[in-house]
Amino acid sequence: MNLHNSGISQLFSKQGASNTHELYLNWTRYLPYIVLIVVFIAVSFVVPYFLTVPNILSVLLQTSSLAVLAIGQAAVLILGGIDLSMPGVMALGAIFGAMYMESGGNSVIGGLVMILVPTTLGFINGVSISYFNMIPFVVTMAMQAITIGAATMITNQISIPVSQNFCDAILKKVIGIPLPIIIMLVVALCSQFVMTKTYFGRWLYSAGTSIPTSKVSGIPTKRVVLAAYTFAGMMGGVAAIIMTSRLYAASPQMGKDSVAMDIIASAAVGGVSTMGGVGTALNAVVGAIIITLISNVMNMANVSYYLTLVIKGLIIIAFVAIDANSRRKLSR
Amino acid sequence: MTVSYLKMEGIAKFFPGVQALKDVTFEAAKGEILGLIGANGAGKSTLMNILGGNLQPNAGRILIDGKEVCIDSPTAAANHGIAFVHQEMAMLPTMSITDTMYISSYPYKRGLIDYKKIHQNCRSVLKRLGCNFDPREKIRNISPGDQQMVEIGRALLHNPQIIIFDEPTSSLTLREKDHLFDVIRSLKNEGAVIIYISHFLDEVFNLCDRVMVLRNGETVGGGQLSDYTYNDIVKMMIGSKEIDTYYSRSEHSTGEEIMRVEGLSRTGIIHDISFSLNKGEVLGIWGQLGSGRTEVARALVGLDPIDSGMIFINIDGSMTPVKQSETKKYIGMITENRRKEGLLLPMSVKNNMSLANLPKLTKKSIPFVIDPKLENSQVEKFVSRMEIKISSPSQRVETLSGGNQQKVIIGRWLQKNPLIYIMDEPTRGLDVGAKADIRRIISELAEQGAGILVISSEIEEIMSISDRYIVMKRGGIVNEFGGKVTREELVAAATGALTEKE
Ligand SMILES: Nc1ncnc2c1ncn2[C@@H]1O[C@H](COP(=O)(O)OP(=O)(O)OP(=O)(O)O)[C@@H](O)[C@H]1O
Ligand SMILES: [Mg+2]
């Protein structure tokens, strides 16, 4: 897999990285990897034994749900949209699944519920945005309000425990690697493949770059929009399963608004453009690792929750500014 | 001998992968119109963008009135009295005319924009251009021709001494064009230096005093226009390659019906449009700008809504009603507005070229997965078929010259090879050689059995390729002609001198 690609035009060209002018114009696409390395080095100075296999696995395990969410967000951002409802949708899915299992339901179906509920909600987002021409920001913000409100009402703010079996099954280690990490990798690789190698992916980037041009060229843009939001919902579902297992419970806390910021920050820091048309699933994963590391460091340094918010907000703005600036230069 | 007011000397410009300009030198005097011509990608826009402060040259210097100047931004250019009417208009549809014209130079009065003053200025500048609309009008409410006038008005606001026109006439009606020429001549008489870029050589001959020809980024000739013939100029532009710029299609028969339109209407825009198109036929839609011709094309592919009407397409031998939203499957559409609806500007030439055809570029063994080899070979095939000037297939399409961008769009549809083509101004921005080539391609497509609908503002063009014509006026079809129609009949029908068809 070609790690240094985030500009779509490079992904599809043989010349790719060897084409000097693309390299020269697009240095910013290496930024996420540089940041990742810098953060890694910085953290390993601060934290003793950071660069050990168990420790890295634990960081990746922590990253897994955020990464999956960021991949879903990436699809929507590439399309030129935004999904602010991912946390709420995920929490509601988790809660429905957990309630089903609590009432004696089978854990496989419980897991399915956790995926299907968010997928359906994502589908509703998609229909509203594509077929009813509503603004993504407004639709998904409303969806976040609805889902988090519903989740809180249903649970009375009490978390719903899930069975040990369910959690053990999800957290099981395969060749020494916790399953969530493997899920994250599988999801990332499949999404990466669809985005970069299939024509659905190409449609996604085209629609994210120009809806009118895509339409004239015969691309079913409405269906592409619908698919992207539905996929984002589904990723909310996958994340719901991972999160619930790691917390041994489903709770409305999972869906607080600030989670949306972590998701968007991951995508943006990883190199997914918030203006559409640029980025891949792998970018989202890299971004999620960076954000998780930064959160951990701030946690260890006892930085207050509110200062953490300020810092993350600044990070988003910084990266969006770099993105916007590099685009402006490109169009010279 | 006049003294030159403007001199550009030894200008060179490299872009990654291409040298757009090599050592270009020219002079222009006050009170003269210099025609700047050359094939697509020759470097005309690049040269003028350097003069306009949008690009920095890698070598060379610019002298104005004998003094070397540094033009490092459009603002600096404006301060040196240089104004630029761009090839591709960048209009903000929801802004007012005034705002569009003053966007980069609002005058303030006590911290507030002095709208009273600028409305007045706009009105007087527009009046000079012969436009009487209210400067408070929103851009989206005026025609493309009027938008072009606003763009020109913007350039004239600050009494420029050097005015660059980069293909200004492509969206103007005949009347507006004549009027623009009058304006340009009067600017010339007021002592401005005018640089005029156009692919319409008759315009150049009509308007310009001197000419400079660029080829592949080099000056290949120039001088008083009166010393040259049309053919001399074409030869200089294209080089040794022999081309026939007067392509005209031979008579031939057409096949069975391929598309039929019945009663297409949209209140206030088009009404009761009915016609049919046959296999192997080129049907020209003729009419003035604003006659509804573009709107019909857009309605046919579902870009604009319709209130009533049916579209039938011959699918596997039978005429089948097709929903407006589904017609795109069978129709290749080249829209008038290439930047907005034709191109994915920040993406590669390759992505743009295969855009319409992706499902057919998949691997045989794995569904949905694009076969890079197949895609590359298809792209290469149509890049060379259309003679598109690119440095590599991964070049971003926004860095291509205007004419080459248009070729990318045409190449995209040739690759897809649909049943029916709708071409709205297919040769806009193309050089004389490429124009002739497009006519040849259209003719070939028809011979292979496609049905083709062509809209063009150039009567010679539409007459050289069409088998049949429908003439539109005020949103309706007013007449139909066979291949034997004369130019005068067409013009008369579109302007209303002939009696209207019942
Ligand atoms: N930003 C850029 N990056 C790379 N190449 C560029 C860039 N801008 C222009 N070029 C290249 O420079 C060459 C000259 O382009 P230019 O736009 O000046 O042509 P032109 O003479 O105006 O053609 P046209 O008649 O088609 O408008 C073209 O080959 C084009 O691809
Ligand atoms: Mg040009």
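In every chain, residue numbers begin from 1 and rise along the written sequence. Working convention: letters from A go to chains and numbers from 1 go to ligands, in the order in which they are written. Owing to the predicted nature of the model, reporting of local features is limited to residues with pLDDT of at least 70; listing and counting of side-chain atom pairs is limited to 80 or more, with chain, interface and lining totals taken over all residues. Values shown for side chains rest on all heavy atoms present in the structure; no hydrogens or waters enter the calculation.

To continue, consider the overall build of chain A. Counting from the N terminus, the helices are the DSSP runs of H or I reaching at least four residues and the strands are the DSSP runs of E reaching at least two. Looking only at helices and strands, one finds 15 helices and four strands in chain A. Here the radius of gyration uses the C-alpha set of atoms, whereas the globule reference equals 2.2 Å times the residue count to the power 0.38. Taken over C-alpha atoms, the radius of gyration comes to 19 Å for chain A, in line with the 20 Å a tight globule of 332 residues would show. Judged by the C-alpha coordinates and their principal axes, chain A covers about 60 × 55 × 40 Å. Throughout, exposure labels follow a simple rule: accessible area from a 1.4 Å probe, protein chains only, divided by the maximum for the residue type, with under 20% read as buried, over 50% as exposed, and the rest as partly exposed. Looking at chain A as a whole, 55% of its 332 residues are labelled buried. It only takes one pair of heavy atoms within 4.5 Å for two residues to be counted as in contact. The contacts of chain A with a sequence gap of at least 6 include a subset with a gap of at least 24, amounting to 76%. Accessible surface computed for chain A: about 14,000 Å², of which carbon and sulfur atoms make up 71%. Asp and Glu are treated as the negative residues and Lys and Arg as the positive ones, with His and the ends of the chain left uncounted. The atom standing in for a charge is NZ when the residue is Lys, CZ when it is Arg, CG when it is Asp and CD when it is Glu. Counting 16 positive and 7 negative side-chain charges, chain A places the averaged centre of each group 13 Å from the other. Surface exposure here means Shrake-Rupley accessible area, sampled with a 1.4 Å probe, where a residue is shielded only by the protein chains that are shown.

Residues and elements named next belong to chain B. You can see lysine 416 is positioned in helix α13 (residues 402-416). Although buried, lysine 416 forms no salt bridge, and the nearest oppositely charged side chain, glutamate 326, lies 11 Å from it. Other than its neighbours up to four places away in sequence, lysine 416 contacts Lys328, Lys329, Ala356, Asn357 and Lys360. Put simply, a salt bridge is a Lys or Arg side-chain nitrogen that is within 4 Å of an Asp or Glu carboxyl oxygen.

Below, the discussion takes up the confidence of the model for chain A. Mean pLDDT over chain A stands at 88; residues scoring 70 or higher make up 91%. On a range of 0 to 100, pLDDT expresses the predictor's confidence in each residue. Scored below 50 in pLDDT, residues 1-25 of chain A shows 63 contacts in the model against residues more than four places distant or in partner chains.

Residue and element names in this part refer to chain B. Here we have four strands laid out as an open sheet, ordered β14-β13-β16-β17, and antiparallel in their pairing. Edge positions in the sheet fall to β14 (270-278) and β17 (318-321), since each of these pairs with one other strand and no more. With direction set aside, neighbouring strand axes in the sheet form an average angle of 15 degrees. Of the pairings in the sheet, the one linking strand β16 (residues 308-315) to β17 comprises four bridges and is antiparallel in character. Each bridged residue has a counterpart across the sheet, and for asparagine 314 the counterpart in β17 is methionine 319. Between N-to-C directions, angles span 0 to 180 degrees; the directions come from axes that are lines fitted to C-alpha atoms, helices contributing only their stretch in contact. Taken strand by strand, helix α9 (residues 293-300) contacts β13 (257-266), β14 and β16, and its axis lies near 70 degrees from that of β14. Being paired, for any two strands, means DSSP has found at least two bridges between them.

If even one non-hydrogen atom of a residue comes within 4 Å of a molecule or strand, that residue is called near it. The full set close to ligand 1 counts 22 residues, and Lys44(B), Ser45(B), Thr46(B), Ser401(B) and Gly403(B) are the nearest of them. Mapping the residues near ligand 1 onto chains gives chains A and B. Within 3.5 Å is the distance limit for a polar contact, defined as a pair of N or O atoms, with the added protein rule that one can donate a hydrogen and the other accept it, and that residues adjacent in sequence qualify only through two side-chain atoms. In this structure, an oxygen atom belonging to ligand 1 sits 2.7 Å away from a side-chain N or O atom of Lys44(B). One of the side-chain N or O atoms of Thr46(B) is found 2.5 Å from an oxygen atom in ligand 1. The set of elements that each furnish at least two residues to the shell around ligand 1 consists of β2 (18-29), α1 (44-51) and α13 of chain B. The greatest single-element share of the shell around ligand 1, amounting to three residues, is contributed by α1(B). Within the shell around ligand 1, the residues separate by chemical class into six nonpolar, twelve polar and four charged. Here the shell around ligand 1 spans two domains, since at least three of its residues come from each of domain 1 (4-240) and domain 3 (338-417) of chain B. When residues are grouped by polarity, Ala, Val, Leu, Ile, Met, Phe, Trp, Tyr, Cys and Pro land in nonpolar, Asp, Glu, Lys and Arg in charged, and all others, Gly among them, in polar. Reported domain spans reflect what an automatic or database domain assignment gives.

For the rest of this paragraph, the subject is the interface of chain B and chain A. At the junction of the two partners, chain B supplies 36 residues and chain A supplies 34 residues. Taking both partners together, chain B and chain A bury about 2,900 Å²; carbon and sulfur atoms supply 64% of that area. Seen at the junction of chain B and chain A, the total is one salt bridge. Arg202(A) serves as the salt-bridge partner of Glu375(B), at 2.8 Å between the closest nitrogen and oxygen. Summed over the shared surface of chain B and chain A, the result is nine residue pairs in polar contact (both at pLDDT 80 or more). Taken together, the elements giving at least two residues each to the side of chain B that touches chain A come down to α10 (338-342), α11 (349-354), α12 (372-385) and α13 of chain B. Here the residues of the side of chain B that touches chain A are counted per class, giving 16 nonpolar, twelve polar and eight charged. What gets called buried area is simply the loss in accessible area from a 1.4 Å probe that two parts show on being joined, summed for both.

Residue and element names in this part refer to chain B. Inspection of every chain in the model, using the stated rule, returns 31 salt bridges over all chains. Across the pair glutamate 151 and arginine 154 runs a salt bridge whose closest N-O atoms are separated by 3.1 Å. Remark: arginine 154 and glutamate 151 occur in helix α5 (residues 144-156); sequence separation between them is three residues, near one turn of the helix. For aspartate 304, the salt bridge identified is with arginine 298, shortest N-O distance 3.2 Å. Given the relative accessible area of 14%, aspartate 304 is considered buried. Residues joined in a network through salt bridges with shared partners are Lys7, Glu9, Glu27, Arg61 and Glu68.

Whether two aromatic rings pair depends on their centres lying within 6.5 Å, for rings of Phe, Tyr and Trp, where Trp uses its six-membered ring; planes under 30 degrees apart make the pair stacked, over 60 edge-to-face, and the rest tilted. Using the criterion set out here, one finds nine aromatic pairs over all chains in the structure. Between Phe200(A) and Trp203(A), the ring centres sit 6.0 Å apart and the planes meet at 75 degrees, which makes this aromatic pair edge-to-face. Here Phe200(A) pairs with Trp203(A), and both are found in helix α10 (residues 199-209), just three residues apart, close to one helical turn. The class for Phe200(A) is partly exposed, based on a relative accessible area of 37%. For Trp203(A), a relative accessible area of 13% translates into the label buried. Three or more aromatic residues joined by ring pairs make a cluster, and in this case those are Tyr199(A), Phe200(A), Trp203(A) and Phe368(B). Geometrically, a charge over a ring is one whose NZ (Lys) or CZ (Arg) sits within 6 Å of the ring centre while staying within 35 degrees of the ring normal. We note Lys177(B) situated over the ring of Phe200(B); from NZ or CZ to the ring centre the distance is 5.6 Å.

As a further point, take the packing of helix α5 (residues 86-102) of chain A against helix α12 (residues 221-247) of chain A. Helix packing for two helices is described by the angle between their axes and how far apart those axes are. All names here are of chain A. Interhelical geometry of α5 versus α12 gives an angle of 55 degrees and a closest axis separation of 8 Å. Considering their axes alone, α5 and α12 lie oblique with respect to each other. Once α5 is placed against α12, the crossing between them reads as right-handed. Contacts between α5 and α12 pair Met86, Val89, Met90 and Ala94 from the former with Ala232, Gly233, Met235, Gly236, Ala239, Ala240, Met243 and Thr244 from the latter. Residues that form the contact of α5 with α12 fall into these classes: nine nonpolar, three polar and no charged. To sort the angles, those under 35 degrees are grouped as roughly parallel, those over 145 as roughly antiparallel, those from 65 to 115 as roughly perpendicular, and the leftovers as oblique. Put simply, a crossing is left-handed when the front helix is turned counterclockwise from the back one by less than a right angle, and right-handed when it is turned clockwise.

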